[in-house]
Amino acid sequence: MKKQFAWVLGAMMAMLLVACASQKGPAEQAVASAETALSAVADQAQKYVPDQYAAVQAQIASAKDSLAKGDYKAVLAAAPAITAAIGSLKDAAAAKAADAEAALSKAKDAWSSVSTDTPKMVEAIQTKVEVLSKSHHLPANISKDSLAAAKSGLDSIKATWADATAAATSGDYTGAMAKAQAVRDKAAEIMKSLGMGS
Amino acid sequence: MADTPPTGDNPYTQVHVVVAGDTLSKIAQKYYGDPSLYNQIFQANRDVLKDPNKIFPGQKLKIP
């Protein structure tokens, strides 16, 4: 009876080993496929959805850990979720990239008109400040303080405008537009303080 | 005297529409607080003004 039990136990162990060994290949393949799939979307994902990318990396790291420990069953159990996560990551990164591309295109279009118009604002303010600086008695609607503020504000917007044009030259139209808007807002404020109308 | 929103070559340069009784000195007084700066306006409008003493109602003058 004992011999029979030992034989049955041995047979079961052997079957288990065979079963485990048969899962090793698919588990290794699953991890390798996941790494390949993640690598294919890595650049875009790291740029546009870094947190989501890190989460998928962690999932794969966990699967690799299970693989190293010989827990092939765990690897195969996790594989579908990892595959789905990579798919979601790819879609999310592509969507973000499309949004960024659209925003860049919009900013580029806006820059073409702003880059022509804004220097005219600055020029008009510059000329007005120069003439008012020659005046012995400023008009009633313009104080000495507002003229002094206009002069310093003019220096400020010139510097910011230089930054904006540099950003545009480097292809960062979104950044250029943000700076240009700051220039235009400040310029409008100065023009109002100098009685230059709307 | 009447002023209007900026127009002209530079849309942000003020424009003054001349009314009866205006002189360049009066316009300079209004915009600069100093009538002696009339020549600034004259020089900016040499395309339409030949004589600083001759301006006419309805003329649109750039106020630099």
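Notes on the structure follow. (Residues numbered from 1 in each chain as written. Chains lettered and ligands numbered in written order. Predicted model: local features only at pLDDT ≥ 70, side-chain atom pairs only at ≥ 80, totals over all residues. Heavy atoms only, no water.)

### Considerations on the pairing of strand β3 (residues 60–63) of chain B
All names here are of chain B.
(1) Moving on: Burial of the side chains of β3 is restricted to one face: Leu61 and Ile63 are buried, whereas none of Lys60 and Lys62 on the reverse face is.
(2) Moving on: Where strand β2 (residues 14–17) lies against β3, four bridges are found, and the strand directions are antiparallel. For histidine 16, the partnering residue across the bridge sits in β3 and is leucine 61. (Buried < 20%, exposed > 50% of the residue type's maximum accessible area, 1.4 Å probe, protein only. Helix = DSSP H or I, 4+ residues; strand = E, 2+ residues; numbered from the N terminus. Pairing = 2+ DSSP bridges.)

### Topic: the interface of chain A and chain B
(1) Moving on: Listed per partner, the contact involves 21 residues of chain A and 18 residues of chain B.
(2) Moving on: The largest share of the area that chain A buries against chain B comes from Lys120, Lys128 and Val131 of chain A, three residues that together contribute 31% of it.
(3) Moving on: Along the contact surface separating chain A from chain B lie zero salt bridges.
(4) Moving on: There are seven residue pairs in polar contact (both at pLDDT 80 or more) connecting chain A and chain B.
(5) Moving on: Listed by contribution, the elements that provide at least two residues to the side of chain A that touches chain B are α3 (72–134) and α5 (173–193) of chain A.
(6) Moving on: Looking at the side of chain A that touches chain B element by element, the count peaks at 10 residues for α3 of chain A. (Contact = heavy atoms within 4.5 Å. Buried area = accessible area lost by both parts, 1.4 Å probe. Salt bridge = Lys/Arg side-chain N within 4 Å of Asp/Glu carboxyl O. Polar contact = N/O pair within 3.5 Å; in protein donor to acceptor, adjacent residues only side chain to side chain.)

### Details of the packing of α3 of chain A against α5 of chain A
Residues and elements named next belong to chain A.
(1) Moving on: Here α3 crosses α5 at 30°, and the two axes come no closer than 9 Å. Classified by the interaxial angle, the pair formed by α3 and α5 is roughly parallel. Here the hand of the crossing between α3 and α5 comes out left-handed. Of the residues in α5, those in contact with Ala103, Leu104, Ala107, Lys108, Ala110, Trp111, Val114, Asp117, Thr118, Met121 and Ile125 of α3 are Tyr173, Thr174, Ala176, Met177, Ala180, Val183, Arg184, Ala187, Ala188, Ile190 and Met191. (Axes fitted to C-alpha atoms, helices over the stretch in contact; angles between N-to-C directions. Parallel < 35°, antiparallel > 145°, perpendicular 65-115°, else oblique. Left-handed = near helix turned anticlockwise from the far one by under 90°.)

### A few points about α5 of chain A
Residues and elements named next belong to chain A.
(1) Moving on: In this model, α5 (21 residues) spans 30 Å end to end at C-alpha, consistent with the 30 Å of a helix rising 1.5 Å per residue.
(2) Moving on: Residues of α5 that are buried include every one of Tyr173, Gly175, Ala176, Met177, Ala180, Val183, Arg184, Ala187, Ile190 and Met191, and no others.
(3) Moving on: Packed against the buried residues of α5 are α3 and α4 (144–169).
(4) Moving on: Backbone geometry just downstream of α5 places glycine 195 in the positive-phi region, at approximately 70°. (Expected span 1.5 Å × (residues − 1).)

### Brief notes about the side chain of serine 66 of chain A
Residue and element names in this part refer to chain A.
(1) Moving on: Its location among the elements puts serine 66 in helix α2 (residues 50–68).
(2) Moving on: Classification of serine 66 as buried rests on a relative accessible area of 16%.
(3) Moving on: Beyond its immediate chain neighbours, meaning those up to four positions away, serine 66 contacts Asp71, Ala74 and Val75.

### Considering the pattern of salt bridges
(1) Moving on: The final tally for this structure, using the stated rule, is five salt bridges over all chains.
(2) Moving on: Between arginine 184 of chain A and aspartate 117 of chain A there is a salt bridge whose closest N-O contact spans 2.9 Å. Taken together, the residues span a long stretch of sequence, with arginine 184 of chain A in helix α5 and aspartate 117 of chain A in helix α3 at a distance of 67 residues. An identical accessibility class is assigned to arginine 184 of chain A and aspartate 117 of chain A; each is buried.
(3) Moving on: Residues aspartate 47 of chain B and lysine 62 of chain B are paired through a salt bridge, measuring 3.6 Å at the closest nitrogen-oxygen approach. On the criterion of sequence distance, the pair formed by aspartate 47 of chain B in the loop between α2 (38–44) and β3 and lysine 62 of chain B in strand β3 is long-range, its members being 15 residues apart.
(4) Moving on: By relative accessible area, which is 53% here, aspartate 47 of chain B ends up exposed.
(5) Moving on: The exposure class assigned to lysine 62 of chain B is partly exposed, which follows from its relative accessible area of 21%.

Function-wise, these values are silent; they only describe arrangement.
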